[in-house]
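Structural features, examined
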Amino acid sequence: MIVAQLIIKMLISMNNVAWGFWMEIDEFDPMRATISNVSSKVWNKILSFTPGFIQTILGMTVGKVDDVWAKVPDGIKETLPVTLMSCILSCLLVPYIIYKMDEYHEQRAEKKGKELKEVKAEEG
């Protein structure tokens, strides 16, 4: 199993645990409704300050994104989280590993250089 799949499975498991915890609390539904109402009011307030042409552009953009997303095959949607996680990990881990390997070899070269200087000093 690749690392990206493992991380995604851990995140899903943590989400399920959190979901189970919140479902046990009696006031979960009112809390969710309150958060939804507040976020909706905040978004509407933000939109009330934006000019009409920006709202039109946002509406068209969201509509286009929805159209494109609807055309994406289900197989790609299923593998997308693993693909994104793999890309993120490779962008973070590969440079770090290369850095650590370079640091290790640099330390070894310095140590070997010091040993050679000591040997030459003893011989000379």
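A brief look at the structure comes next. (Residues numbered from 1 in each chain as written. Predicted model: local features only at pLDDT ≥ 70, side-chain atom pairs only at ≥ 80, totals over all residues. Heavy atoms only, no water.)

Looking now at a nonpolar patch on the surface. A cluster of nonpolar side chains, contributed by Val38, Val42, Trp43, Ile46, Phe53, Ile54, Ile57 and Leu58, occupies part of the molecular surface with about 740 Å² of accessible area. Among the elements of the structure, helix 2 (28-49) and helix 3 (52-71) are those that each provide at least two residues to the nonpolar patch. Mapped onto the secondary structure, Phe53 falls in helix 3. (Patch = residues over 30% accessible without salt bridge, like charges linked within 9 Å, V, L, I, M, F, W, Y side chains within 5 Å. Areas by Shrake-Rupley, 256 points an atom, 1.4 Å probe, with all protein chains shown as cover. Salt bridge = Lys/Arg side-chain N within 4 Å of Asp/Glu carboxyl O. Helix = DSSP H or I, 4+ residues; strand = E, 2+ residues; numbered from the N terminus.)

All chains considered together, the criterion is met by zero disulfides. For Cys87, which is in no disulfide, the shortest distance to another cysteine sulfur is to Cys91 and amounts to 6.5 Å. (Disulfide = S-S within 2.5 Å.)

Let us look at a negative patch on the surface. A cluster of acidic residues, Glu115, Glu118, Glu122 and Glu123, forms a negative patch on the protein surface. Here Glu115 lies in helix 4 (residues 74-123). With a relative accessible area of 36%, Glu115 lands in the partly exposed category. (Lys, Arg positive; Asp, Glu negative; His and termini not counted. Charge placed at Lys NZ, Arg CZ, Asp CG, Glu CD. Buried < 20%, exposed > 50% of the residue type's maximum accessible area, 1.4 Å probe, protein only.)

The subject of this paragraph is the environment of Val82. By the secondary structure assignment, Val82 is in helix 4. Put simply, Val82 and Ile2 are 80 residues apart on the chain and 9.2 Å apart in space, counted from C-alpha to C-alpha. Contact partners of Val82, with chain neighbours within four places excluded, come to Ile2, Ala4, Gln5 and Ile8. (Contact = heavy atoms within 4.5 Å.)

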